[in-house]
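# Fold and geometry: a report
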Amino acid sequence: MTALLELEQLHYRFPGSAEAALRGASLCLEAGQRVALVGRNGAGKSTLMLHANGLLRPSAGQVRVAGEPLVYTRRGLLAVRRQVGLVFQNPDDQLFSASVVQDISFGPMNLGLDIAEVRRRVVEAAALCEVRDLLDRPTHALSGGQKLRVALAGVLAMTPRVILADEVTAGLDPWMRRQVLVIFDRLVAQGVTVLLATHDLSAARRWADQVAVMEAGQVVAVAPSDAIFGDAALRRLIGADE
Amino acid sequence: MHIIDRYAYTNAIRELDPAQKGGLALIAIILCLALDQPAVGVLTLGWMFALAVLWARVPALVFGRALLAEAPFLLLSLLGVALSVSLAPLAAPAVQLGPLWLGSSAESLAMATRLFTRALGCAAALNFLILTTPLLDLIELLRRLRVPETLIDLMSLTYRAIFVLLESLQRMTTAQATRLGYSGPWRAMRSAGLLGSQLFLDAYRRSQRLQMSLESRGLSGPLRVLPLDYRRDRRARWIGAALAASLLLVGAWR
């Protein structure tokens, strides 16, 4: 079985920064997996996700989607973004339109689908994220949790096979967090893979099948969550006992 | 800003096609300007008030407050028309203030009245439009009218950014206030200056993150989104015809 998304030995240094953000980070995701990405602030979780979506280009290493190496051309990038969706930490950074419908429609419109198909996808994604009744509301009238679900719907409307969610449960109350995880579970049931970067270790432990641990620009361990949380050294590394 | 926005999204004719609402306002504005008579201006005001309050169910108070907010600008500019100031003595009615003479005349008063009613009628028409039509729909209308896409994108991003930055502004102000940033006029001035520069940086960083998130959703050229759906109301045509007929009648009557 070929992996859905492979990040192989990625190296990256932000322009103007002395420290490398990624130093040979590798991660391999298969279809229908629930993976939590944990590690300290600055370990490289967000940078890794930006690479998986082609927003950053590694100085060395390779990104492969369904076995195909990522090509950094307009067409190649559109192809990877069709398969790999990225949900950002702050929905206000992602929601660009004052109209909920129009915001969700942005991705599918960029895929060049016809209007009827875009409409269908918007409604489907909105239903999946439980924001159907918000479609006619202005974006600025939504609560934080609602904005997040709209942002998620905007990514899901592109029907990606992998969802990368960067700290999306941070700042949500337990009910809202639960709701977001339930949405992820629905996606996983459809064969989508979800990679969730999080500092919420108890949620990571309960929700994820696999936990990937990042430290200083590398993925130092990937294993079933029981194995990660059962290992004293790894527990210390991710701050599970703090 | 917030109150206008709120009614724009919640009024009874929110769903109505912005072309129809814009058309009504446009008829009123064109006739008001072209006929240029106090009675027409007053009648336009009456029409727009009635449409906003009875048809769109915007509270009369809100409509009145929007007009009141505009009135001072209007009155200030009228002063220059209604009054003349001169160093030489003016014919009555006039008053002397030291070396200056302040006077007025029947013509200038009539001119001021005409200007005032005309501007009031037009302002009322625009208020009707903005109180019943969210900016989003107006932008959508401009899109349909084939306004260049770059302008449309700028407008929609700006409109969204207003609210995002307003939230940042509130957060930052609170953060400064809890550390006594506004205790005393000098400190307040300094804090406000800092706030301004920070807000600029905040907007800049946000724009970079927004660019990334748009790219991750396949941004390529203009921001393409679904056109919005609206309800068309046949009554709007009759209202438009009645509006035009009544204004023309009053205009021709004199």
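### Regarding the packing of aromatic side chains
All names here are of chain A. Considering all chains together, one arrives at five aromatic pairs over all chains under this definition. With a centroid separation of 5.1 Å and 90° between ring planes, the pair formed by tyrosine 12 and phenylalanine 14 is classed as edge-to-face. By relative accessible area, which is 32% here, phenylalanine 14 ends up partly exposed.

### Examining the environment of B:Ser168
Residue and element names in this part refer to chain B. Mapped onto the elements of the fold, serine 168 is located in helix H7 (residues 149-178). You can call serine 168 buried: its relative accessible area is 1%. Ignoring any residue separated from it by four or fewer positions in sequence, one finds serine 168 in contact with Leu199, Asp202 and Arg206. For serine 168, the side chain forms a polar contact with the side chain of arginine 206, separated by 3.2 Å.

### Overview of helix H5 (residues 115-128) of chain A
Given 3.6 residues to a turn, an α-helix orients residues that are three or four positions apart in the same direction. All names here are of chain A. Taking 1.5 Å of rise per residue, 14 residues should cover 20 Å, and H5 covers 20 Å from first to last C-alpha, within 8% of that figure. Buried positions along H5 lie against helix H4 (100-110), helix H6 (144-156) and helix H7 (174-189). The opening residue of H5, the one whose side-chain oxygen lies 3.2 Å from the backbone nitrogen of alanine 116, is aspartate 114. At the exit of H5 stands glutamate 130, carrying a positive phi of roughly 55°.

### Points about the nonpolar core
One finds A:Ile104, A:Leu156, A:Ile163, A:Phe184 and A:Ile228 to be the most contacted residues of the largest nonpolar core, which totals 54 residues. The contact partners of A:Phe184, leaving out residues within four places of it in the chain, are A:Leu152, A:Ile163, A:Ala165, A:Val168, A:Val194, A:Leu196 and A:Trp207.

### Notes on the side chain of B:Asp153
Residue and element names in this part refer to chain B. Mapping aspartate 153 onto the fold places it in helix H7. One buried charged residue, aspartate 153, remains without a salt bridge, the closest side chain of opposite sign being arginine 143 at 4.8 Å. Look past the residues within four positions of aspartate 153 in its chain and what remains in contact with it is Pro222 and Leu223.

### Some points on the sheet that holds strand S9 (residues 210-215) of chain A
Residue and element names in this part refer to chain A. Across the sheet, which stays open at both edges, the six strands sit in the order S6-S7-S8-S3-S9-S10 with mixed pairing between neighbours. Both edges of this open sheet fall to strand S6 (84-87) and strand S10 (218-224), since each of them pairs with a single strand only. With direction set aside, neighbouring strand axes in the sheet form an average angle of 20°. In this structure, strand S3 (residues 34-38) lies alongside strand S8 (residues 193-197), joined through four bridges in parallel fashion. Pairing of valine 35 across the sheet is with leucine 195, part of S8. Helix H1 (residues 45-52) contacts S3, S6, strand S7 (162-166), S8, S9 and S10 of the sheet and is inclined by roughly 150° relative to S7. On the sheet, H6 packs against S6 and S7 and is oriented at approximately 165° with respect to S6.

### Focus: the domain arrangement of chain B
What the domain assignment reports for chain B is domain 1 (2-133 + 231-253) and domain 2 (148-216). A straight line from the C-alpha centre of domain 1 of chain B to that of domain 2 of chain B covers 34 Å.

### So, the interface of chain B and chain A
Each partner contributes to the interface: chain B provides 33 residues, whereas chain A provides 39 residues. Between chain B and chain A the total buried area reaches about 3,200 Å² when both faces are included, carbon and sulfur atoms providing 57% of it. Its largest share of buried area at the contact with chain A, chain B owes to B:Arg160, B:Arg217 and B:Leu226, together 29% of the area lost on that side. At the junction of chain B and chain A, the tally comes to six salt bridges.

Each value, and the rule that gives it
- Residues numbered from 1 in each chain as written.
- Chains lettered and ligands numbered in written order.
- Predicted model: local features only at pLDDT ≥ 70, side-chain atom pairs only at ≥ 80, totals over all residues.
- Heavy atoms only, no water.
- Phe/Tyr/Trp six-rings, centres within 6.5 Å; stacked < 30°, edge-to-face > 60°.
- Buried < 20%, exposed > 50% of the residue type's maximum accessible area, 1.4 Å probe, protein only.
- Helix = DSSP H or I, 4+ residues; strand = E, 2+ residues; numbered from the N terminus.
- Contact = heavy atoms within 4.5 Å.
- Polar contact = N/O pair within 3.5 Å; in protein donor to acceptor, adjacent residues only side chain to side chain.
- Expected span 1.5 Å × (residues − 1).
- Core = buried A, V, L, I, M, F, W, Y, C linked by side-chain atoms within 4.5 Å.
- Lys, Arg positive; Asp, Glu negative; His and termini not counted.
- Salt bridge = Lys/Arg side-chain N within 4 Å of Asp/Glu carboxyl O.
- Pairing = 2+ DSSP bridges.
- Axes fitted to C-alpha atoms, helices over the stretch in contact; angles between N-to-C directions.
- Domains from an automatic or database assignment.
- Buried area = accessible area lost by both parts, 1.4 Å probe.

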